Structure formats: structure tokens, C-alpha cells
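# Coordinate inspection notes
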Amino acid sequence: MKVGFFIGCNTSFNRPDLEQAVRHAFPALGIELDDLEGQSCCPTWGTLPSVDVVGWCAVSARNHTIAEQKGLDIVTVCGSCYGSLSEAKYKMEVDPELKAKVNEVLQTIGREYKGTSNVRLTYYYLYHEIGPEKIRASLKYTLGGLKVALQPGCHTLWPSKVYYDKEEDPFHPRVLKEMVEALGATVGHYTRLIDCCGMGAMRSTDMEKSLNLFRRKILSIKEEVDPDLIITGCSSCLIQFDTAQEMLRREKKINFEIPVLHFMQALAICLGADPEKVAGLARTNVKSVIGKILPS
Amino acid sequence: MSQVQGGIGIINLSAGDPSLVNEIKELGGEELLECIQCAKCAAACPMVLAGFPFFNKRVIQAILLGLRDALLDDSSIWACQSCNRCTEVCPREVNPFEIIQAMRRVAIREFALPTLAIEGLKSLYDTGHAVYLAGAGNTRAKVGLPEKPPSTLSYPEALKEVRTILENTELAELGVIPMGESGVTDSCEV
Ligand code: SF4
Ligand code: SF4
């Protein structure tokens, strides 16, 4: 099995330990990753999608063609890339006129968009192609004994019509829960589970409002679950949860810290990866929780 | 003339700009007129929870009233998370997120865009990445990865392709960022 790895800007430059986690976990589960050489930004929402539809879809379509030429599907670990690439594909599918305009632009670089590669998010891909049972059987270590709170992330869920892998009910997602349970953890429910974390455009526009939104969420997690670890399904959520707790503590708006990992990092560690490589850039103290996962 | 007067927000309807509706429809907000202002989208929107004055339903309402300046003077539309909760719940398939995007497209055509958006576009043109951190090579090396990902950064001909695309789309006509000269790559975090 082989799939194209779309890394995305934030994962490449901000959290390359997450990139390493994917690069460890996929081959360990028997899936070869292709580098999709020459990939660019997806492009992200605040750039071309905010300028015009054709330009947005043209840059997106160029990324798609790299995978199409190799006959591969695309997996990404970033929520924004997943959303932008999926939405552009959907738009061109339902609007042949748009697709034709995009292909006119792509002609200038000798490419043609066909729409033959599907866009998948890492853990949904593993859920469907490998399955929780097989993953459980491949683990060297488990999250046994750990209480975990989840952060699925917006772009993994909505708008459901554009995604290849769908939840039965996107307002009550269960794939991430099943996957984390496959790693052996106990998952606690909290009322603000599907609330937005405040990362992204909101944080760039108004840090204070973004942090207030995040605070509501982290307090709900602390009060209702009080977990050993938070596991996210989205790379942007990972960055918010990993950095915003420190900011709130400095402002004396919270007085605790909960370690945070992306699902792929937790999986890679359970598959025997070096924690320094796959989670070495975490700002929250993940060492103690990793100490509980690995035998001393 | 100001369309929203004083601090109490009285709307002067006759000062509204009726051309805004068509502009939005042309820039991707085709379903604008399907909206029945039911506010289901607002109930799901993180911007409401965070306290931004303009969110999906109110942006649509303001567009229908032609309140161009009120929308351009406020930064709310740039705080939209692109989360599409609104698209999911709208009973009229308005695609409220697309309307917010269309309003951003209007704003860009009036050069009313945040600095960060300009920097993101410039970075995209210069490096192929909207988010680019100059010190990232070290960070990557620290976790055992090559300093450059296998992207436009490692393949100059790929970057050239991205630039050619940008030069052949509306971005070039709008003149929001300089094009054609070799770019200086600085950090940019969108
Ligand atoms: S966009 Fe849809 S959900 Fe929002 S107010 Fe209009 S009809 Fe209702
Ligand atoms: S996409 Fe924007 S407007 Fe729609 S619910 Fe999300 S934040 Fe609100």
C-alpha cells in the first residue's frame, strides 16, 4: 500500500516532529509514503481562497496533479490542508465550468487536473485502510491506564459533503475516540468536545478573543475529565493546545497544564518511535506522560 | 456618509449600497439570496461564542442592506475560522462560509485586507508556502529531518510553476503583492 504524503506548511516548519510521527507510523503499519515532490501550500484560507476561486483551485489542483500522475491518494496530517484540498476538489467536481477555467490556468505549466486522487486525513485513512483491531495488534506499547480528552478539530468534520471519509454524525464524531481507545486509553467525554479551539484566523485577528474561547474549552476539559493527556486530530489544534495554555498561565487565567499530543504522535510512540523525534518539540510537559507509556 | 451612526448602531437604509449584493454573488456567494435569516448558522459559529460583532448571519444581513463601509471597517470577516459548521447546518444551502469568503474578496479589491494576509500571499509567491518560518531548518534538523521539506523549497522548478499560476490569476491583476522579482524570504505565520 502506498499513499502521497501532503505535509503542509505548519507541520513542515512549526511542528516537524509531527511530520516525523507520520513518517514513522505509516511504514510501521505497512504503508509506504510518497513525498509528492514539489508540493506547495494547500493554499490556506487567508490567502488565495480569500482572493478568488479560480486562483485557489488552481494552486490546489496543481498539488492534486502531483498525486494523480503517480496514481496515488493524498494523506495529510493538517486540518487546514485537509479542508482546503477537499473543498477545492469538491468545488471543481460540482462545477465543470470552474474545472475548465482551472485547467486553462494549469495549461501554462503543462499540467491537467483530472480529479482522480482522493484526499484523506491520516487517522481516518488508518481507521479505514488498516482498522483499529490491526493497529491494536501492532503496538509495542499502549496508553493503558491513561485518561485522555479528545480534540477532533473543525476541518475533520465540516462541511461533511466535501470529505471522502465521513463521520455518521459530524456533531458526534467517534472515529478519533475509537482510534485512541485502540491505543489502550480511557477516553473521557466533556460538553465542549466539538467547540473550536480558537487557532487560525481568529488567533491572528484577535489573540484575546481566541484565548478566551480556548479557555472555555480547556476549563471544560479540566473540570469534566481532568485527563493525563489531550490528543488532537488536527495539527492546528495541536499548536493551539500546546502554546495557549502557557499564555493563559502567564495571565493567571488558568493554573494547570495538560500535556498535548497529536494522535499520530501518540500512535508513533506506541509503535516504538523515538519520542525525541516524534514529539520533541512539544512545549507542554509531555515527558512525564511518555514516561508512563514506555517501560522504565 | 457613515452607514451605521453613532454608538447605538442605527442603520441608515438609504445610505446602503445595493451593488454589494451582485458583487458578492459574482465573487463566489451565489446563494446569498436564499438566506432566510433563521440564524441556525449563528448558533453554530465560534465567532459568536468569541464575541465578534459580525458573523455569518450578520454579515449576510449587512450585505443585503448594502452596508459596505460597516463591513470593511470591521475586522470580523478575517477572524472566520473556515470551520464550516455554518455550511453544515444551514437549511437553505446558502454556504454562509462562502459568503464570508466572498466578502473578503470584496475587501481585497478595495485594499482593505490585514497585513498578515498580504504577508501570507507574498510568502506564497516567494516560497510556495503561506506559512514559512525562517529558522525552521534548525527545528527540522533537531528532530532528524532534512532542513527543507520535499516541497517547492527543494524543487525550484516547482516554485516556478506556483509563481506562473499566481501570475495568471486575478491576484496578479489586483496588485496586492509585488510579482516578478526574486523574493526575499522572511518568516511568515498566517
Ligand atoms: S445562512 Fe442559512 S442558516 Fe444562516 S441565517 Fe441564512 S438561511 Fe439561516
Ligand atoms: S466558517 Fe466562519 S462563519 Fe461559518 S461557523 Fe465557522 S467561523 Fe462561523
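The following paragraphs examine the structure supplied in this document.

Reading guide: rules and limits
Residues numbered from 1 in each chain as written. Chains lettered and ligands numbered in written order. Predicted model: local features only at pLDDT ≥ 70, side-chain atom pairs only at ≥ 80, totals over all residues. Heavy atoms only, no water. Contact = heavy atoms within 4.5 Å. Buried area = accessible area lost by both parts, 1.4 Å probe. Salt bridge = Lys/Arg side-chain N within 4 Å of Asp/Glu carboxyl O. Polar contact = N/O pair within 3.5 Å; in protein donor to acceptor, adjacent residues only side chain to side chain. Helix = DSSP H or I, 4+ residues; strand = E, 2+ residues; numbered from the N terminus. Near = heavy atom within 4 Å. Nonpolar A, V, L, I, M, F, W, Y, C, P; charged D, E, K, R; others polar. Pairing = 2+ DSSP bridges. Phe/Tyr/Trp six-rings, centres within 6.5 Å; stacked < 30°, edge-to-face > 60°. Lys NZ or Arg CZ within 6 Å of the ring centre and 35° of its normal. Buried < 20%, exposed > 50% of the residue type's maximum accessible area, 1.4 Å probe, protein only. Right-handed = clockwise from strand over helix to strand, strands pointing away.

## Section: the interface of chain B and chain A
With 63 residues of chain B at the interface, the matching set in chain A holds 68 residues. For the pairing of chain B and chain A, the buried interface totals around 5300 Å² over both sides, and the portion due to carbon and sulfur atoms is 65%. For the pair chain B and chain A, the number of links is four salt bridges. Among the salt bridges present, the one from Glu161 of chain B reaches Arg111 of chain A, with a minimum N-O distance of 2.7 Å. Inspection of the region where chain B meets chain A yields 24 residue pairs in polar contact (both at pLDDT 80 or more). Breaking the side of chain B that touches chain A down by element, the ones donating at least two residues are α3 (46-50), α6 (85-89), α7 (96-109), α8 (115-127), α9 (136-142), α10 (156-167) and α11 (170-174) of chain B. By residue number, the principal contributor to the side of chain B that touches chain A is α7 of chain B, which donates seven residues.

## Re the site of ligand 2
The environment of ligand 2 is made up of 13 residues, and the closest members are Cys45, Cys80, Cys83, Asn84 and Cys86 of chain B. In the shell around ligand 2, the residues fall into eight nonpolar, four polar and one charged.

## Some remarks on the sheet that holds strand β6 (residues 186-187) of chain A
All names here are of chain A. Pairing within the open sheet is parallel, and its four strands lie in the order β6-β5-β7-β8. If you trace the sheet from one side to the other, it starts and ends with β6 and β8 (260-262), each paired once. Where strand β5 (residues 147-151) and strand β7 (residues 229-232) come together, four bridges link them in parallel fashion. When the sheet's bridge partners are listed, Ala149 is paired in β7 with Ile230.

## Quick look at the packing of aromatic side chains
Enumeration over the complete set of coordinates arrives at nine aromatic pairs over all chains. Ring geometry for Trp45 of chain A against Phe97 of chain B: centres 5.4 Å apart, planes inclined by 85°, an arrangement best described as edge-to-face. Taken as a pair, Trp45 of chain A in the loop between β2 (32-34) and α3 (53-70) and Phe97 of chain B in helix α7 lie in two separate chains rather than in one. When the ring centre of Phe54 of chain B is taken as origin, the NZ or CZ atom of Arg58 of chain B, which lies over that ring, is 4.7 Å away. Its end group placed over the ring of Tyr125 of chain B, Arg163 of chain B keeps NZ or CZ at 5.0 Å from the ring centre.

## With respect to the pairing of β5 of chain A
Residue and element names in this part refer to chain A. Across the five residues that make up β5, a large majority, four, are buried. Where β5 lies against β6, two bridges are found, and the strand directions are parallel. Looking at β6, one finds that Lys147 is bridged to Thr186. For the handedness criterion, the β-α-β arrangement of β5, helix α8 (residues 175-182) and β6 is classed as right-handed.

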